[in-house]
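Given next are the chains, with one letter for each unit.
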Amino acid sequence: MQAIEENKIEYNHYTTEHDLPGIAALIEKELSEPYSVFTYRYFINNWPKLCWMAIENSTIIGVIVCKLEQHKGMHETLRGYIAMLVVHPDHRKKNWSNLLSLLFFNC
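As the structure is a prediction and not an experimental result, all values here were calculated from the model.

A. The pattern of salt bridges, seen in detail. Applying the stated criterion across every chain yields a total of 4 salt bridges. Here E30 ties to K29 by a salt bridge, and the two come within 3.8 Å at their closest N and O atoms. Judged by its relative accessible area of 59%, K29 falls in the exposed class. Note that K67 is salt-bridged to E69, the shortest N-O span being 3.0 Å. Residue classification places K67 among the buried positions, given a relative accessible area of 15%. Each of K29, E30 and R92 takes part in a single network of salt bridges with overlapping partners.

Listed below in structure tokens is the structure:
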């Protein structure tokens, strides 16, 4: 498992189905748009290395779910898409969303 630690926050990418309930719980609680489990699985199963979690004391406090694919008609150009980005309210204004975004942009 690839992990990056910063200020006691560990950043891991999605590795197993065990991660999904924590990801879904945070997103469902904090985002207004409801997502089905199929939406999560579409992104996570196709681009598992582009789903990053910020974890503190074994609790997911932030998550970014993304995809990266070829731009239509442009074989050498990739297009990135951030599907979901959320940080728990107790951890906002601490730059966690920027750090999660950088993990995606640096892939």
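B. Broad picture of the nonpolar core. By size, the foremost hydrophobic cluster in this structure holds 33 residues, and its most contacted members are Y11, I23, I27, Y40, V63, M84 and L100. Counting residues per element, the ones that place at least two in this core are β2 (9-13), α1 (20-30), α2 (37-46), β3 (51-56), β4 (59-71), β5 (74-87) and α3 (96-105). Considering every element that reaches this core, the biggest residue donor is β4, with 6 residues. Not counting the four nearest positions on each side in its chain, M84 is found in contact with I27, L31, Y35, T39, Y40, F43, V63, I64 and V65.

C. Highlighting the packing of aromatic side chains. Applying the stated rule across the entire model yields 6 aromatic pairs. A centroid spacing of 6.4 Å and a plane angle of 55° characterise the contact between Y11 and W96, whose relative ring orientation is tilted. In this pair, Y11 is assigned in strand β2 and W96 in helix α3, connecting sequence segments 85 residues apart. For Y11, a relative accessible area of 3% gives the class buried. Residue classification places W96 among the buried positions, given a relative accessible area of 8%. For the ring pair F43 and W47, a centre distance of 6.2 Å and an interplane angle of 40° mean the geometry is tilted. Exposure class is identical for F43 and W47. Each is buried. An aromatic cluster is present here, built from Y42, F43, W47 and Y81 joined pairwise through their rings. For K67, the ring lying beneath its charged end belongs to Y81, and the centroid distance is 5.7 Å.

Cut-offs applied
Think of each chain on its own: its residues are numbered from 1, step by step along the sequence as written. Two thresholds apply to this predicted model, a pLDDT of at least 70 for residue-level local features and 80 or more for giving and counting side-chain atom pairs, whereas whole-chain, interface and lining totals are computed over all residues. Side-chain calculation: all heavy atoms of the structure are included, whereas hydrogens and water are not. Here a salt bridge means any side-chain nitrogen of Lys or Arg lying within 4 Å of a carboxyl oxygen belonging to Asp or Glu. The buried label goes to any residue with under 20% of its type's maximum accessible area, the exposed label to any with over 50%, and the partly exposed label to all in between, with areas taken from a 1.4 Å probe on protein chains only. Definition of nonpolar core: a set of buried residues of the types Ala, Val, Leu, Ile, Met, Phe, Trp, Tyr and Cys, connected through side-chain atoms within 4.5 Å. Runs of H or I in DSSP of at least four residues are treated as helices and runs of E of at least two as strands, each being numbered from the N terminus. Whether two residues are in contact is decided by their heavy atoms, any of which lying within 4.5 Å being enough. Under the pairing criterion, centres of Phe, Tyr and Trp rings, with the six-membered ring standing for Trp, must be within 6.5 Å; the plane angle then separates stacked pairs below 30 degrees from edge-to-face pairs above 60, leaving the rest tilted. Counting as a charge over the ring demands two things of the Lys NZ or Arg CZ atom: a distance within 6 Å of the ring centre and an angle within 35 degrees of the ring normal.

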